[in-house]
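Here's the letter readout for the chains.
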Amino acid sequence: MVRSHAYLDISIAEKPIGRIVVQLYDDLAPKSTETFLSLIKGTTINDKFYSYKHNIFHRILKNFVVQAGDVIYGMSDNIDESNIGKGSILKTIPDENLTEAIDAPFKLCMAHEPNVTNANGSQFFITCFPQPHLTGQHSVFGQVIHGKSVVREMERVNTNKLNIPQDQVLISDCGVWDETMDVPVFNASYDPIGGDIYEEHPDDDEHIDKDSSESVYIAASIIKESGTLLFKQGKKQEAYLKWKKCIRYIMEYIPDEDQEKEWYAKYIELKKKTYLNVSLVCLQLKNYKQSLNYCDYLLDMPSSLSTSESAKINYRKGLNLIQFKKYKQALINLKVAHELLPSDELIKREFEKCQSLIDQEKLAEKVKYAKFFS
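Residues numbered from 1 in each chain as written. Predicted model: local features only at pLDDT ≥ 70, side-chain atom pairs only at ≥ 80, totals over all residues. Heavy atoms only, no water.

Enquirer: Would you mind going over the side chain of His 5 in detail, with residue names and values included?
Expert: Position of His 5 relative to the elements: it lies in strand E1 (residues 5-12). Given the relative accessible area of 16%, His 5 is considered buried. Non-local contacts of His 5, meaning those with residues more than four positions away in its chain, are made with Val 22, Gln 23, Ile 145, Val 176 and Trp 177. (Helix = DSSP H or I, 4+ residues; strand = E, 2+ residues; numbered from the N terminus. Buried < 20%, exposed > 50% of the residue type's maximum accessible area, 1.4 Å probe, protein only. Contact = heavy atoms within 4.5 Å.)

Right, dumping it as structure tokens:
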């Protein structure tokens, strides 16, 4: 049977994040699928129009679920904070596909009041982690097949005590999806260049052996190279996203130094090289704060830095500090870079430029106080 597909375009705090594509179980949960699709397209009930478009995710719990579908109290233009999460329509949809284990993330399920049967409506949730204790209690009617990184981004938003996101997580658009359509994602790069076939988050990936340091290292190296190829093509934002993904693989699976000394050393070297890349691309993207952070991370790894690498990082840190008009601090780093590579004309020029900026700042202060006393 050819199963239906639908998409949900997500924004957080009015910033587009990307598209979630779900495959629907027309064969296993026909009533649930029919209800979901009707609201994806928009439907009129008792002369009132209902749709998931402009509906918010009103309940988010990390490592548990993200939930939406309150089309009564949870529409972005008419949110009722005192009742949000209590509203639903069509509370007569029967339970379906209850035998499927809810033992994995990214399962699409009907949401309803506890201990109530055959009362599903418009609310639904997507699992973020295996929830086997929910098996048999909720209809499983689909799964996420694209945009898993979008769900992960949603999962990380800050919430209040009622698990309502502080920044609005909105379904900005939705509809029926097919293979000819795109899957726009703004918080990740899915370009397979260089052989990157891996999920944005390593825990979601099925290509790596998570118990093997070698397997994860190979994946991280491929992801890093994918970013390098994109950078060479001038696709700096995509390169940045790839290198951030590489860092995620490294940090989540870095081996214990005492148990796997050789692999630990390889991970540290890969981490250093990736940090070097990120510090550069952030500087070029004018994300000076992020670039500065990575420069500091690297300077905390002095034993693994070569003379050339140390000079590069001090140089980049100096350039970042200049952007924040911290000229005296910048001069310290540029001086270090100049002393490490005295023949580098670029470093020398920026060092002299920074000194000139300090002199100009002193002269401006002198003129200011002269006017004051006169």
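Next comes the rest of the account.
Enquirer: Can you lay out helix H6 (residues 288-299) for me, pointing to particular residues and giving the numbers?
Expert: Relative to the 16 Å expected for twelve residues at 1.5 Å per residue, H6 spans 16 Å between its end C-alpha atoms, a close match to the ideal helical length. Taken residue by residue, H6 has Tyr 288, Gln 290, Ser 291, Leu 292, Tyr 294, Cys 295 and Leu 298 as its buried positions. Along its buried surface, H6 packs onto helix H4 (236-253), helix H5 (261-284) and helix H7 (307-323). (Expected span 1.5 Å × (residues − 1).)

Enquirer: An account of the pairing of strand E2 (residues 15-24) is needed here, citing residue identities and associated values.
Expert: Burial analysis of E2 places eight of its ten residues in the buried class, the great majority of the element. Where E1 meets E2, eight bridges bridge the pair, whose relative direction is antiparallel. Among the inter-strand pairings, Leu 8 is bridged to a residue of E2, identified as Ile 20. Linking E1 back to E2 in an antiparallel pair, the connection comprises two residues, with Ala 13 at a positive phi of about 55 degrees. Here E2 runs beside strand E11 (residues 140-146); their pairing, made up of four bridges, is antiparallel. Considered in E11, the bridge of Leu 24 is made with Gly 142. (Pairing = 2+ DSSP bridges.)

Enquirer: Let's hear about the pattern of salt bridges: which residues, and what values?
Expert: Within this structure, the stated rule accounts for 16 salt bridges. Put simply, Lys 148 and Glu 199 hold a salt bridge, and the shortest N to O gap is 3.8 Å. Of the two residues, Lys 148 sits in helix H2 (residues 148-155) while Glu 199 sits in the loop between strand E12 (169-176) and helix H3 (213-232), which places them 51 residues apart along the sequence. In this structure Lys 148 comes out as buried when scored by relative accessible area, which is 17%. The class of Glu 199 is partly exposed, set by a relative accessible area of 22%. As a salt-bridge pair, Arg 152 and Glu 155 come within 3.0 Å of each other at their nearest N and O atoms. A residue pair is termed a helical-turn pair when its members lie 3 or 4 positions apart in one helix, as Arg 152 and Glu 155 do in helix H2 at three residues. On the basis of relative accessible area, Glu 155 is assigned to the buried category, the value being 5%. (Salt bridge = Lys/Arg side-chain N within 4 Å of Asp/Glu carboxyl O.)

Enquirer: I'd like a rundown of the packing of aromatic side chains, residues and numbers included.
Expert: A full pass over the atoms with the stated rule returns twelve aromatic pairs. Taking 6.4 Å as the distance between ring centres and 65 degrees as the angle between the ring planes, the aromatic pair formed by Tyr 198 and Tyr 249 counts as edge-to-face. Separated by 51 residues along the polypeptide, Tyr 198 in the loop between E12 and H3 and Tyr 249 in helix H4 bring together distant segments of the chain. Since its relative accessible area comes to 0%, Tyr 249 is described here as buried. (Phe/Tyr/Trp six-rings, centres within 6.5 Å; stacked < 30°, edge-to-face > 60°.)

Enquirer: Can you tell me about the sheet that holds E12, naming the residues and giving the values?
Expert: An order of E5-E6-E10-E9-E11-E2-E1-E12 is seen for the eight strands of this open sheet, with the pairing classed as antiparallel. Strands with a single pairing partner mark the edges of an open sheet, and in this sheet they are strand E5 (59-61) and E12. Pairwise comparison of adjacent strand axes, ignoring direction, gives a mean angle of 25 degrees for this sheet. The sheet contact formed by strand E9 (residues 107-110) and strand E10 (residues 124-127) spans three bridges and is antiparallel. The residue of E10 that forms the bridge with Met 110 is Phe 124. Relative to E2, H2 is tilted by about 120 degrees, and along the sheet it contacts E1, E2, E5, strand E6 (65-68), E10, E11 and E12. (Axes fitted to C-alpha atoms, helices over the stretch in contact; angles between N-to-C directions.)

Enquirer: Lay out a nonpolar patch on the surface in plain terms, naming residues and giving numbers.
Expert: There is a patch of nonpolar side chains on the surface, built from Ile 332, Val 336 and Leu 340 and spanning about 220 Å² of accessible area. If you trace the backbone, Ile 332 turns up in helix H8 (residues 327-340). Ile 332 gets classed as exposed once you look at its relative accessible area, which sits at 55%. (Patch = residues over 30% accessible without salt bridge, like charges linked within 9 Å, V, L, I, M, F, W, Y side chains within 5 Å. Areas by Shrake-Rupley, 256 points an atom, 1.4 Å probe, with all protein chains shown as cover.)

Enquirer: Requested: an account of the nonpolar core, with residues and values cited.
Expert: Within the largest apolar cluster, 39 residues are counted, with the highest numbers of intra-cluster contacts made by Phe 36, Phe 57 and Phe 124. Beyond its immediate stretch of four places on either side in the chain, Phe 57 contacts Ile 10, Val 66, Gln 67, Ala 68, Phe 124, Met 154, Pro 165, Val 169 and Ile 171. Among the nonpolar cores identified, the runner-up in size contains 19 residues, and Leu 230, Leu 241, Trp 243 and Tyr 294 belong to it. (Core = buried A, V, L, I, M, F, W, Y, C linked by side-chain atoms within 4.5 Å.)

Enquirer: Summarise the pairing of E6; cite the residues concerned and give the values.
Expert: In E6, alternate side chains face the same way, and those of Val 65 and Gln 67 on one face and Val 66 and Ala 68 on the other are all buried. Connecting E5 to the next strand, E6, in antiparallel fashion are three residues, including Asn 63 with a positive phi near 65 degrees. Strand direction decides the pairing type here: E6 and E10, joined by four bridges, are antiparallel. Residue Val 65 lies in a different strand from E10, and its bridge partner there is Thr 127.

Enquirer: Mind laying out the packing of H7 against H8, listing which residues take part and the relevant values?
Expert: Following both chains from N to C, one finds H7 and H8 inclined at 160 degrees, their axes separated by 8 Å at the closest point. Relative to H8, H7 is oriented roughly antiparallel. Every pair of crossing elements has a handedness; the one defined by H7 and H8 is left-handed. Taking contact as the criterion, the partners of Thr 307, Ser 310, Ala 311, Asn 314, Tyr 315, Lys 317, Gly 318, Leu 321 and Ile 322 in H7 are, on H8, Tyr 327, Gln 329, Ala 330, Asn 333, Leu 334, Val 336, Ala 337 and Leu 340. Of the residues that constitute the contact of H7 with H8, the class distribution is ten nonpolar, six polar and one charged. (Parallel < 35°, antiparallel > 145°, perpendicular 65-115°, else oblique. Left-handed = near helix turned anticlockwise from the far one by under 90°. Nonpolar A, V, L, I, M, F, W, Y, C, P; charged D, E, K, R; others polar.)

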